[in-house]
Amino acid sequence: MHPAERILLGPGPSPVPQRVLRALGAPTLGHLDPQYLAIMDQVCDMLRQVFRTGNPLTFPVSGTGMAGMECIAVNLIEPGDEVIVCINGVFGMRMKDVMERCGATVHALEATWGDVFAPAQIAAALAAHPRTKLVGIVHAETSTGAHQPLEGLAEIVRAHEALLVVDAVTSLGGHDVRVDDWGIDAIYSGTQKCLSCPPGLAPVSFGPRALARLDARKSKVQSWYLDVSMLRKYYTGGGGGGRVYHHTAPINMTYALHEALTIVLEEGLEARHARHAAMHQRLRTGLEKLGLGYVPKRSLHSLNCIQVPSGADDAAVRRRLLEDYGIEIGAGLGPMAGKAWRIGLMGHGATVRNVDLVLAALREILGR
Ligand SMILES: *Cc1c(COP(=O)(O)O)cnc(C)c1O
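Residues numbered from 1 in each chain as written. Predicted model: local features only at pLDDT ≥ 70, side-chain atom pairs only at ≥ 80, totals over all residues. Heavy atoms only, no water.

**Structural notes on the layout of surface pockets**
Phase 1: Computed from the structure, the largest pocket encloses a volume of approximately 490 Å³.
Phase 2: Taken together, 18 residues make up the lining of the largest pocket; nearest its centre are Glu 5, Arg 6, Pro 15, Val 16 and His 348.
Phase 3: Elements represented by at least two residues in the lining of the largest pocket include exactly β1 (7-8), α1 (18-24) and α12 (352-366).
Phase 4: Each residue belonging to the lining of the largest pocket can be placed in one class, and the counts come to ten nonpolar, five polar and three charged.
Phase 5: Two domains share the lining of the largest pocket, each providing at least three of its residues, namely domain 1 (7-11 + 269-366) and domain 2 (18-265).
Phase 6: By volume, the second largest pocket is sized at about 240 Å³.
Phase 7: Around the second largest pocket sit 17 residues that line it, and Phe 91, Arg 94, Val 169, Gln 192 and Lys 193 are the ones nearest its centre. (1 Å grid on protein atoms, 1.4 Å probe; cavity = no way out; pocket = protein on both sides within 12 Å on 5 of 7 lines; lining within 4 Å. Points joined across faces, edges and corners; volume = space filled by probe spheres on them. Helix = DSSP H or I, 4+ residues; strand = E, 2+ residues; numbered from the N terminus. Nonpolar A, V, L, I, M, F, W, Y, C, P; charged D, E, K, R; others polar. Domains from an automatic or database assignment.)

What follows is the structure, given as structure tokens:
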């Protein structure tokens, strides 16, 4: 087994710094060892800083981003609940599927792929479905590169006593995410996108309104593994009885996330977001010189979804990038298969060197 050192400029995973890889190799502790619990507490504390929240129940769920999505859905939804899911790409579709599996009646609010939702559209959907208990929306739709604004949504959602649930898998660590200022009730992310950690943990945060919903449940959470009423006893020591074994936390992944979050906070959130913005702009300028256009009107900095130019062979170009340059970029998903390329500039990968390299490689391969 000799994996090559790829330059990961796709939709995730992103390149992992050596510091984070070294942290994975530190000695494995027991998951109830006081030393380990101190490390876990620090991880939760750093996650609060990165999510910009004071929520005590902020922790890394064992599993990838999808486990974070399932955790929030299964804990906050009871069978028969009505929910609204905003769908403008693959991850909104997945949220609908996951919530339906929790027994929800999902009212899909749809937008053209690549577009984002205006607050008035969400207000109209809530007016049409006044019994809605939760609104789910994707902050960074990785399938289209669209950047959904979240400011001002909480007021609308709260006026209907619904919860605001946000997918921040591709934004956390690359774009500003303000859980408290934006009134987000529950949010999930992943480690392998803008946090530049290997895949395996899903940071989540539950606010006070979400916890009240959890405490008022009439039915047991269907998933034993993701039941927050049990998990919180381990992660926060809350709920009485101190730290209680639930499942063995992924110890060495926790070390990796600790190191990745340390790097994020050393750089500083503002500086990190500004770096992602600058690298996006540098890439965009270069792509436009090559005659390549963006799919979304309001693009993410962390994920650049561009149209495959007519005459270019989508798969052949990606294969040459990988074989000749060691560069991975993403293909189009769903209706965009064969029509789009997705260039991720996430975390450790968002550098001048990588931007200029992928531009030079594309210029060469496309013969421009
Ligand atoms: C990657 C991604 C997910 C899923 O995360 P996994 O780590 O692949 O399970 C969910 N939502 C969005 C927006 C993503 O980009």
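**Describing the site of the ligand**
Phase 1: Inspection of the region around the ligand gives Thr 64, Gly 65, Met 66, Phe 91, Val 138, Ala 140, Thr 142, Asp 167, Val 169, Thr 170, Gln 192 and Lys 193 as its neighbouring residues.
Phase 2: Within the side chain of Thr 142, an N or O atom sits 2.3 Å from an oxygen atom of the ligand.
Phase 3: Between the ligand and Lys 193, the relevant distance is 2.8 Å, taken from an oxygen atom to a side-chain nitrogen or oxygen of the residue.
Phase 4: In isolation the ligand exposes 380 Å². Once the protein is present, 90% of that is buried.
Phase 5: In this structure the site holding the ligand corresponds to the second largest pocket. (Near = heavy atom within 4 Å. Polar contact = N/O pair within 3.5 Å; in protein donor to acceptor, adjacent residues only side chain to side chain. Areas by Shrake-Rupley, 256 points an atom, 1.4 Å probe, with all protein chains shown as cover. Sits in = over half its atoms within 2 Å of the grid points.)

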